[in-house]
Amino acid sequence: MTVLTCGDRILDLSEPVVMGILNATPDSFSDGGQLLQQGRVNIDAVLARAEQMIRAGAQILDVGGESTRPGATPVVVDEELQRVIPVVEAIAREFDVVISVDTSSPEVMTASAEAGAGLLNDVRSFHREGALLAAVSSGLPVCIMHMQGDPQTMQNKPAYESVVDEVMDFLLTRSDELQAAGIPKDQILFDPGYGFGKTPEHNLQLIRRLPEIVAAGYPVLAGLSRKSVIGHVLNRKVDERLAGSVSASLLAAQSGAKILRVHDVEETVDVLKFWQAVAAAE
Ligand code: 8Y7
């Protein structure tokens, strides 16, 4: 049985779990701004959304204060702290759920861990100055993710010789570096980084060959919800990608992904439940 110790909570990953996306950003590409009022976090709105996702079956909530969509404007760390920490505190106070924090800032990592976070999710894989040390000191599990380039420029002609090999090499090398810095191997999650410096073809190949990444033996997180590969294949706008998104999450789960990072928790939970009922049939 794979279990992850997330601060004072235990996360059982023997079956796939759903991570609900909770953005406290004014500019995220599909739901940004809904939880902000005059640029400040509306805690009541955040708690209502958190409760909805938990009731729908989310076992993890991923709180983010900086949009990482292509071309997004970076935020200064004080603003990120002001957006994220009150949200982490409020959720930790009100609900029994693992709180993941989507951040690259060491200050936010440290403050989040103190406020009750259970997982650090850094799309930059703890490369910022001080981030690795903050992650080690937090004692929390960490998700490392492959990205080619940086969020400002990553979608300008991404190119690979073999995207799957390069993603694998990156994740294995970074895992070694994290372990050398003091993070136990069983506290490290892998994420191929769908949409982060990848063309639709690269993303499709990474979906099809996800079992190879799973085979490395780390719990895998897959974030495909509403992403552009789905829009590209189906010719759908961001708010029309529900069927594509739940299908993508199901494919990832069937390939062995253990955490599905999604906007649409209820629908994803239903689809996973149905698959598991079929899998359990005599
Ligand atoms: C991912 C993510 C985003 C992902 C992990 C979006 C913060 C863009 N995507 N974190 N974050 N994996 N680990 O479309 O795929 O949600 S933001």
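Basis of the calculations
- Residues numbered from 1 in each chain as written.
- Predicted model: local features only at pLDDT ≥ 70, side-chain atom pairs only at ≥ 80, totals over all residues.
- Heavy atoms only, no water.
- Buried < 20%, exposed > 50% of the residue type's maximum accessible area, 1.4 Å probe, protein only.
- Helix = DSSP H or I, 4+ residues; strand = E, 2+ residues; numbered from the N terminus.
- Pairing = 2+ DSSP bridges.
- Arc of directions from axis to C-beta.
- Contact = heavy atoms within 4.5 Å.
- Salt bridge = Lys/Arg side-chain N within 4 Å of Asp/Glu carboxyl O.
- Core = buried A, V, L, I, M, F, W, Y, C linked by side-chain atoms within 4.5 Å.
- Patch = residues over 30% accessible without salt bridge, like charges linked within 9 Å, V, L, I, M, F, W, Y side chains within 5 Å.
- Areas by Shrake-Rupley, 256 points an atom, 1.4 Å probe, with all protein chains shown as cover.
- Lys, Arg positive; Asp, Glu negative; His and termini not counted.
- Charge placed at Lys NZ, Arg CZ, Asp CG, Glu CD.
- Axes fitted to C-alpha atoms, helices over the stretch in contact; angles between N-to-C directions.
- Polar contact = N/O pair within 3.5 Å; in protein donor to acceptor, adjacent residues only side chain to side chain.
- pLDDT = per-residue confidence, 0-100.
- Right-handed = clockwise from strand over helix to strand, strands pointing away.

K.L.:
Is there a simple way to explain the pairing of strand β1 (residues 3–6) in this structure?
P.N.:
Within a regular strand, side chains alternate between the sheet's two faces. Burial along β1 is one-sided: Leu4 and Cys6 are buried, while Val3 and Thr5, pointing the other way, are not. Alignment of β1 against strand β2 (residues 9–12), held across four bridges, turns out to be antiparallel. The partner of Thr5 across the bridge, within β2, is Ile10. What sits between the antiparallel neighbours β1 and β2 is a turn of two residues, in which Gly7 has the positive phi angle 65 degrees.

K.L.:
Honestly, helix α4 (residues 131–138) in this entry has me stumped. Any pointers?
P.N.:
It helps to recall that an α-helix has 3.6 residues per turn; residues three or four apart then point in one direction. Listed in full, the buried residues belonging to α4 are Ala131, Leu132, Ala134, Ala135 and Ser138. Take α4 and look down its axis: the buried residues cluster within an arc of 160 degrees, on one side only. Opposite the packed face of α4, turned more than 90 degrees from it, sit the exposed residues Leu133 and Ser137. Tucked inside the fold, the buried residues of α4 contact α3 (106–115), β8 (119–122), β9 (142–145) and α5 (163–181). Trailing α4 by a residue or two, Gly139 shows a phi angle of about 70 degrees, which is positive.

K.L.:
I would appreciate a short explanation of the pattern of salt bridges in the present structure.
P.N.:
Pairing between side chains becomes possible if they bear opposite charge and their charged atoms approach one another. One pass over the full model with this rule turns up 11 salt bridges. Between Arg93 and Glu94 there is a salt bridge whose closest N-O contact spans 3.2 Å. Residue Arg93 is classed as exposed on the basis of its relative accessible area, which comes to 60%. The class of Glu94 is partly exposed, set by a relative accessible area of 46%.

K.L.:
Where do I start with the nonpolar core in this structure?
P.N.:
When a protein is soluble and globular, its nonpolar side chains tend to lie buried together. Membership of the largest hydrophobic core comes to 65 residues, with the highest contact counts inside it found for Leu22, Ile91, Phe126 and Ile213. Excluding residues that lie within four positions of it along the chain, Ile213 makes contacts with Val167, Met168, Leu171, Phe190, Pro192, Leu206 and Val220. Listed in part, the 13 residues of the second largest apolar core include Cys6, Leu13, Val98 and Leu221.

K.L.:
In this structure, what is going on with a negative patch on the surface? I would like to understand it.
P.N.:
Where like charges cluster on the molecular surface, the negative patch consists of Glu161, Asp165, Glu166 and Asp169. Inspection of the secondary structure puts Asp169 in helix α5.

K.L.:
Whenever I open this one, the sheet that holds strand β6 (residues 60–64) confuses me. Can you help?
P.N.:
Note: strands within a sheet are paired through backbone hydrogen bonds, in either parallel or antiparallel orientation. Taken together, eight strands build an open sheet; the order of strands is β10-β9-β8-β7-β6-β3-β12-β11 and the sheet is parallel. The open sheet has two free edges, formed respectively by β10 (188–191) and β11 (221–222), since each of these has just one partner strand. Alignment of β9 against β10, held across four bridges, turns out to be parallel. If you follow Ile144 over to β10, its bridge partner there is Phe190. Docked against the sheet, helix α1 (residues 43–55) engages β3 (17–23) and β6, running at close to 165 degrees with respect to β3.

K.L.:
Can you help me understand helix α6 (residues 200–208) in this one?
P.N.:
Of all the positions in α6, only His202, Asn203, Leu206 and Ile207 are classed as buried. The arc that holds the buried residues of α6, viewed along the axis, is 135 degrees, so those residues lie on one side. Looking at α6, the residues exposed on the side facing more than 90 degrees away from the buried face are Glu201 and Arg208. For α6, the elements touching its buried residues are α5, α7 (210–214), α8 (228–234) and α9 (242–254).

K.L.:
Is there a simple way to think about the environment of Ala72 in this case?
P.N.:
With respect to the element layout, Ala72 can be found in the loop between β6 and α2 (77–94). What makes Ala72 buried here is its relative accessible area of 3%. Along the primary structure Ala72 and Gln152 are separated by 80 residues, whereas in three dimensions their C-alpha atoms are 6.4 Å apart.

K.L.:
Would you explain the side chain of Arg209 in this entry?
P.N.:
With respect to the secondary-structure elements, Arg209 resides in the loop between α6 and α7. Side-chain polar atoms of Arg209 contact the side chain of Glu212, separated by 2.7 Å. Those residues in contact with Arg209, other than ones at most four positions away along the chain, are Val164 and Asp165.

K.L.:
Please clarify how the confidence of the model for the protein chain should be interpreted in this entry.
P.N.:
For the protein chain, mean pLDDT is 94; residues scoring 70 or higher make up 95% of the total. Of all helices and strands in the protein chain, the one with the weakest mean pLDDT is strand β4 (residues 36–37) (65), whereas β11 scores best (99).

K.L.:
What is the right way to look at the pairing of β10 in this model?
P.N.:
Burial along β10 is two-sided: the face carrying Ile188 and Phe190 and the face carrying Leu189 and Asp191 are both buried. Chirality of the crossover, the property in question, places the unit of β9, α5 and β10 among those that are right-handed.

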